[in-house]
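Remarks on the overall topology
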Amino acid sequence: MNRITTGPGAEVRRVFSERFGAPPEVVVRAPGRVNLIGEHTDYNDGFVLPMAIDRAAWIALRATRACTVRVQGIDVGQTGEFSLAAVRAAGPPAAGTLQQGWLEYLKGMAWALMDAGHVLCGWEGAVAGDVPIGAGLSSSAALELATARAFAHVSDLSWDPVAMALLGQLAENKWVGVNCGIMDQMISAAGRADHALLLDCRTLVGRHVPLPAGTAVAVLDTGTRRGLVDSAYNERRSQCEIVSAHFGVTALRDVTSQDLAARAGELDDLALRRARHVITENERTTEAADVLAAGNGVRMGELMNASHASLRDDFEVSCEALDVMVECARKANGCYGARMTGAGFGGCAVALVEIGAAPALAQSVATEYRQLTGHAPQVYVCTATNGADIA
Ligand code: GLA
């Protein structure tokens, strides 16, 4: 076990000791993620290829006899507390209600675990993280899975990454009120160092794919956030469902490019473009896993570029800031390819780059993007990490 000496891992340990007068029993972490390719495919039962990043939510904690959770939220400068019985009795809010605030992710996870029949014990702890919030890097899935890890420790639950990811998604869908797919929780639970995860979102069977030697993944935060992302996301989901119903299949995963071409005349232009994105993105994503495993950064870059065009033109979830960021990255020396990542409408792009070129690329892309847009970007050159674990 490596003792963490800097960052939020060290911070939660320090604050815990200060506040509770003894070192924590355990420190858990769960990472954020960046999706390399396979966007807006998870809720269509399709394929995604994310990796867990070296930015995570951390909790230092110890078990208590009280059936409550008492936490110091270091980043927000707040203390929170809830009773497990009260969360259980209250249950999730009415459908369509959003419950905001960091503590809701902890409560939602507690509710989901209890709803699945787990008997939970209480704990007290300190929470911090360095996944930027609202950037599309899944800070919420990280907090959910770190909370699950904390409960698993104090309540002696076996750690099944798939089961825990599903409960994290349940917490997000039902308790927090955000209608996300399974990708974010799965990669936060099941990531592997130096690998991306090709995940079949129907069967939840995954294949860890090594990242090509000599490449690095740059996450390019546009510094823009869009409030309406939830409603646009739900609208895309229902547009996809309408097309799959038209084809008489469970999900767009079951429609091939040939099926779509043969029956294109039955769909209006918008439905055709939405479906074409999902169907071609699934094809690109399965190919991407193979080319990554073969160490072919050049082809991976082409697939990422094609994914961006499809998200921009057919699925219409990009925005000017993302398009500019992607263009800046592609022009830089050593870039194989770049695309928007996550739900879209702002947040981050991702680029696959030559490892030696990454520092200069980060600098030049940030400078050019700032000049063109006036927004303050952030560039993180990320490594792929393990999923939720004990630090
Ligand atoms: C968000 C959701 C994911 C996925 C992506 C788009 O990140 O949480 O489930 O749908 O958008 O690929």
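This text follows the structure it describes.
Procedures and definitions
Residues numbered from 1 in each chain as written. Predicted model: local features only at pLDDT ≥ 70, side-chain atom pairs only at ≥ 80, totals over all residues. Heavy atoms only, no water. Helix = DSSP H or I, 4+ residues; strand = E, 2+ residues; numbered from the N terminus. Buried < 20%, exposed > 50% of the residue type's maximum accessible area, 1.4 Å probe, protein only. Contact = heavy atoms within 4.5 Å. Lys, Arg positive; Asp, Glu negative; His and termini not counted. Charge placed at Lys NZ, Arg CZ, Asp CG, Glu CD. Near = heavy atom within 4 Å. Polar contact = N/O pair within 3.5 Å; in protein donor to acceptor, adjacent residues only side chain to side chain. Areas by Shrake-Rupley, 256 points an atom, 1.4 Å probe, with all protein chains shown as cover. Nonpolar A, V, L, I, M, F, W, Y, C, P; charged D, E, K, R; others polar. Phe/Tyr/Trp six-rings, centres within 6.5 Å; stacked < 30°, edge-to-face > 60°. Pairing = 2+ DSSP bridges. Axes fitted to C-alpha atoms, helices over the stretch in contact; angles between N-to-C directions. Core = buried A, V, L, I, M, F, W, Y, C linked by side-chain atoms within 4.5 Å. Parallel < 35°, antiparallel > 145°, perpendicular 65-115°, else oblique. Left-handed = near helix turned anticlockwise from the far one by under 90°.

This part covers the overall build of the protein chain. Summing up its helical and strand segments, the protein chain has 12 helices and 13 strands in all. Across its three principal directions, the C-alpha atoms of the protein chain cover 65 × 50 × 40 Å. Here the protein chain holds 391 residues, and 57% of them are scored as buried. When contacts within the protein chain are restricted to residue pairs at least 6 apart in sequence, long-range pairs at least 24 apart make up 74% of them. One way to put it: in the protein chain the 33 positive side-chain charges average out to a point 4 Å from where the 43 negative ones average out.

Within the secondary structure layout, Gln72 lies in strand β4 (residues 68-73). Owing to a relative accessible area of 17%, Gln72 belongs among the buried residues under this scheme. Ignoring any residue separated from it by four or fewer positions in sequence, one finds Gln72 in contact with Val15, Arg19, Gln78, Thr79, Trp102, Gly125, Ala126 and Val127.

Next up on the list: the site of the ligand. Around the ligand, the neighbouring residues are Arg33, Glu39, His40, Asp42, Tyr43, Cys180, Gly181, Met183, Asp184, Tyr233, Gly342 and Ala343. Within the side chain of Arg33, an N or O atom sits 3.0 Å from an oxygen atom of the ligand. Note that an oxygen atom of the ligand is positioned 2.6 Å from one of the side-chain N or O atoms of Tyr233. In isolation the ligand offers 310 Å² of accessible surface; the protein chains occlude 92% of this area. Here the residues of the shell around the ligand sort into five nonpolar, three polar and four charged.

We now examine the packing of aromatic side chains. Tallying each qualifying case throughout the model produces four aromatic pairs. For the ring pair Tyr43 and Tyr233, a centre distance of 5.2 Å and an interplane angle of 70 degrees mean the geometry is edge-to-face. Separated by 190 residues along the polypeptide, Tyr43 in the loop between β1 (26-35) and β2 (47-48) and Tyr233 in helix α7 (residues 229-247) bring together distant segments of the chain. An angle of 35 degrees between the planes, with centres 6.1 Å apart, marks the rings of Trp111 and Trp175 as tilted. A residue pair is termed long-range when its members are at least 10 positions apart, and Trp111 in helix α3 (residues 102-115) and Trp175 in helix α5 (residues 161-176) qualify at 64 residues.

In this section: the sheet that holds strand β3 (residues 50-63). Read from one edge of the open sheet, six strands run β5-β4-β6-β3-β1-β13, paired in mixed fashion. The open sheet has two edge strands with one neighbour each: β5 (78-83) and β13 (389-390). Of the strand pairs in this sheet, β4 and β5 are connected by six bridges, and their pairing is antiparallel. The partner of Gly73 across the bridge, within β5, is Gln78. Across the sheet, helix α6 (residues 183-190) touches β1 and β3, and the angle it forms with β1 is around 130 degrees.

With that settled, the discussion passes to the nonpolar core. Proteins that are soluble and globular tend to have nonpolar side chains buried together. Grouped together as the largest cluster of nonpolar side chains are 82 residues, with contacts concentrated most on Leu49, Trp123, Leu137, Phe151 and Met300. Residue contributions to this core peak at 10 residues, all from α3. The contact partners of Met300, leaving out residues within four places of it in the chain, are Leu36, Ile37, Leu49, Ala288, Val291, Leu292 and Leu352.

So, on to the pairing of strand β7 (residues 195-200). The buried fraction of β7 is high, at six of six residues. Side-chain alternation along β7 places His195, Leu197 and Leu199 on one buried face and Ala196, Leu198 and Asp200 on a second face that is also buried. Judged from the two bridges that link them, β2 and β7 form a sheet pairing that is antiparallel. Residue pairing in the sheet places Val48 in a bridge with Leu199 of β7. In terms of strand pairing, β7 meets strand β8 (residues 206-210) through five bridges, oriented antiparallel. Pairing of Ala196 across the sheet is with Val209, part of β8. Linking β7 back to β8 in an antiparallel pair, the connection comprises five residues, with Leu204 at a positive phi of about 60 degrees.

Okay, the packing of α3 against α5 next. With their axes 8 Å apart at the nearest point, α3 and α5 run at an angle of 120 degrees to one another. As judged from the angle between their axes, α3 and α5 are oblique. Along this stretch, α3 crosses α5, giving a crossing that reads as right-handed. Between α3, through Glu104, Tyr105, Lys107, Gly108, Met109, Trp111, Ala112, Leu113 and Asp115, and α5, the contact on the second element is made entirely by Met164, Leu167, Gly168, Leu170, Ala171, Glu172, Lys174, Trp175 and Val176. Grouping the amino acids of the contact of α3 with α5 by side-chain chemistry returns 11 nonpolar, two polar and five charged.

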